[in-house]
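# Results of the structural survey
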Amino acid sequence: MPTLLHIDSSPRLEESVTRNLSAYFVRRWCERVPDGLVIRRDVGVAPPPHPDALTLAAATMTEASRDPRQQAAAALSDRMLEELEAADVILVGAPMYNFSVTSGLKAWFDLVSRPGRTFRYGPKGQEGLLRGKQVVVITARGGFYRPGAPDAAAEDLQEKQIESFFRFVGLDDIHFVHAEGQAIDALTAEGERARARTEIDCLLAS
Ligand SMILES: Cc1cc2nc3c(=O)[nH]c(=O)nc-3n(C[C@H](O)[C@H](O)[C@H](O)COP(=O)(O)O)c2cc1C
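What describes a pair of aromatic rings is the distance from one ring centre to the other and the angle between the planes of the rings. The final tally for this structure, using the stated rule, is 8 aromatic pairs. A connected cluster of aromatic rings, assembled from ring pairs, spans Trp108, Phe109, Phe165 and Phe166.

Written out as structure tokens, the structure reads:
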């Protein structure tokens, strides 16, 4: 069954631009894939804890060798890993916070970066272990970062970080849809959201 993992990472709810756009993507995807399964992971409303020493140690152990404390510490990252491995399409709603991602999304990256499951280091360096998944990332930004735009001089670390993470775990079919200019004025913001919806339609049509 085609499976979509739908991740949101904005702490905001109804007013969140990325939530509205990712929900639009999911509606359209379900129309096109009526037998599809959607797995929901919300790291904005329910951010995973920052990984601590116990969780990180438990993550490198087999399930059978963990004691109950270690098993409890690794339970959430185990579940998030299963969701990631089950997905054919990974959809991420990602607000830009301080030129990068929200701390909830960063914690998700840290918790699903699992040696032996999503990556390994070998004689040739790092190797991603996931294969054959499409990644769609919908971002929202207060300013504009595209080449030539007023804020382009400030570094867009967000796209760079998200792309680096997915490449690190072996996924390089990554498409970004940006809704920029959300803090400029209402007309600009809505124009950008409409453009993003059109881009989503084109993406799904292809
Ligand atoms: C804590 C915080 C940091 C932000 N940092 C940036 C930034 O570095 N650059 C930018 O263009 N917009 C920044 N913004 C604006 C958000 O990217 C913008 O409001 C976006 O719509 C948030 O996504 P959401 O609507 O899905 O919550 C920031 C907003 C907040 C609350």
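To continue, consider unusual backbone geometry. Of note, Asn98 is a non-glycine position whose phi angle comes to about 45°, a positive value. Along the chain, Asn98 turns up in the loop between strand S3 (89–95) and helix H4 (103–112). By relative accessible area, Asn98 is classed as exposed at 72%. Within the chain, Phe99 stands out as a residue other than glycine whose phi angle is a positive 70°. Following the sequence through the fold, Phe99 ends up in the loop between S3 and H4. Taking relative accessible area as the criterion, Phe99 reaches 36% and is therefore assigned partly exposed.

One can describe the packing of H4 onto helix H5 (residues 157–168) by two numbers: an axis separation of 11 Å at closest approach and a directional angle of 15°. By the criterion of interaxial angle, the relationship of H4 to H5 is roughly parallel. The handedness of the crossing between H4 and H5 comes out as left-handed. Where H4 approaches H5, its residues Lys106, Trp108, Phe109 and Val112 are matched on the opposing element by Gln161, Ile162, Phe165 and Phe166. Across the contact of H4 with H5, the residue classes break down as 6 nonpolar, 1 polar and 1 charged.

Moving on, we get to the site of the ligand. Every one of the 16 residues lining the ligand counts as a neighbour, but Ser10, Arg12, Ser16, Thr18 and Tyr145 are closest to it. Notes on the ligand: free accessible area 630 Å², of which the protein chains cover 73%. When grouped by side-chain class, the residues that make up the shell around the ligand number 7 nonpolar, 7 polar and 2 charged.

Let us now look at the side chain of Glu192. Position of Glu192 relative to the elements: it lies in helix H6 (residues 186–205). Among all residues touching Glu192, those that are not within four sequence positions of it are Phe144, Arg146, His178, Ala179, Glu180 and Gln182.

On to the pairing of S3. Most of S3 is tucked away: 7 of the 7 residues are buried. Residues of S3 alternate between two faces, with Val89, Leu91, Gly93 and Pro95 on one and Ile90, Val92 and Ala94 on the opposite face, all of them buried. In this sheet, S3 lies alongside strand S1 (residues 3–8) in parallel orientation, the contact comprising 5 bridges. The residue of S3 that forms the bridge with Asp8 is Gly93. Summarising the sheet, S3 and strand S6 (residues 134–140) pair through 7 bridges and their orientation is parallel. Bridge pairing in S6 places Val89 opposite Gln134.

What counts as what
Residues numbered from 1 in each chain as written. Predicted model: local features only at pLDDT ≥ 70, side-chain atom pairs only at ≥ 80, totals over all residues. Heavy atoms only, no water. Phe/Tyr/Trp six-rings, centres within 6.5 Å; stacked < 30°, edge-to-face > 60°. Helix = DSSP H or I, 4+ residues; strand = E, 2+ residues; numbered from the N terminus. Buried < 20%, exposed > 50% of the residue type's maximum accessible area, 1.4 Å probe, protein only. Axes fitted to C-alpha atoms, helices over the stretch in contact; angles between N-to-C directions. Parallel < 35°, antiparallel > 145°, perpendicular 65-115°, else oblique. Left-handed = near helix turned anticlockwise from the far one by under 90°. Contact = heavy atoms within 4.5 Å. Nonpolar A, V, L, I, M, F, W, Y, C, P; charged D, E, K, R; others polar. Near = heavy atom within 4 Å. Areas by Shrake-Rupley, 256 points an atom, 1.4 Å probe, with all protein chains shown as cover. Pairing = 2+ DSSP bridges.

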